[in-house]
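For reference, the chains in residue letters:
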Amino acid sequence: MRQALAEAQQALAEGEIPIGAVVVLDNTIIGRGHNQTERLRDVTAHAEMLALSAAANFVGNKYLGACALYVTIEPCVMCAGASAWAQLRQVVYGAEEPKVGYRRHSPSLLHPRTQVRSGVLAVECAALMQDFFRGKRR
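Residues numbered from 1 in each chain as written. Predicted model: local features only at pLDDT ≥ 70, side-chain atom pairs only at ≥ 80, totals over all residues. Heavy atoms only, no water.

Undergrad: Give a detailed account of helix H1 (residues 2-13), specifying residues and quantitative values.
TA: In this model H1 runs 17 Å from its N-terminal to its C-terminal C-alpha over twelve residues, within 8% of the 16 Å that 1.5 Å per residue would give. Looking at H1, one finds that the buried residues are Ala4, Leu5, Glu7, Ala8 and Ala11. Taken end-on, H1 shows its buried residues confined to a sector of 155°, consistent with a single buried face. Turned more than 90 degrees away from the buried face of H1, the exposed residues are Arg2 and Ala13. (Helix = DSSP H or I, 4+ residues; strand = E, 2+ residues; numbered from the N terminus. Expected span 1.5 Å × (residues − 1). Buried < 20%, exposed > 50% of the residue type's maximum accessible area, 1.4 Å probe, protein only. Arc of directions from axis to C-beta.)

What follows is the structure in structure tokens.
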């Protein structure tokens, strides 16, 4: 999760919403991503989507059944759906996203075999988001 936080910091430095993600296979990061929706002018350029694409390119397969996705904030419905299609072994996230998180809208969206772990470094992950949006409101 610390590597996902580093990706979130990169997003913050670029003026993006500070969410970061990494995909891990056998204790090795095979995909990284941070939000780039503003930079790429692409609503799908979420951290998770970019990390999943990088991981799929690394392994040469769209299925990532042996992989874990670490993401600083609970995935949205789009990212959870992509995680389901990738058939991830595990999704680990830091802070909950009560407004647009997948659990609020479709809690059973992930692949049935995907294990979910939440609350990992939640305070640090939430603080990045809170600081970002506090700065936007000033």
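Undergrad: Could you give an account of the packing of aromatic side chains, with specific residues and numbers?
TA: All told, the structure shown has one aromatic pair when counted by the stated rule. Residues phenylalanine 132 and phenylalanine 133 carry aromatic rings whose centres are separated by 5.0 Å and whose planes lie at 85° to one another, so their mutual orientation is edge-to-face. Its relative accessible area of 29% is what places phenylalanine 133 among the partly exposed residues. (Phe/Tyr/Trp six-rings, centres within 6.5 Å; stacked < 30°, edge-to-face > 60°.)

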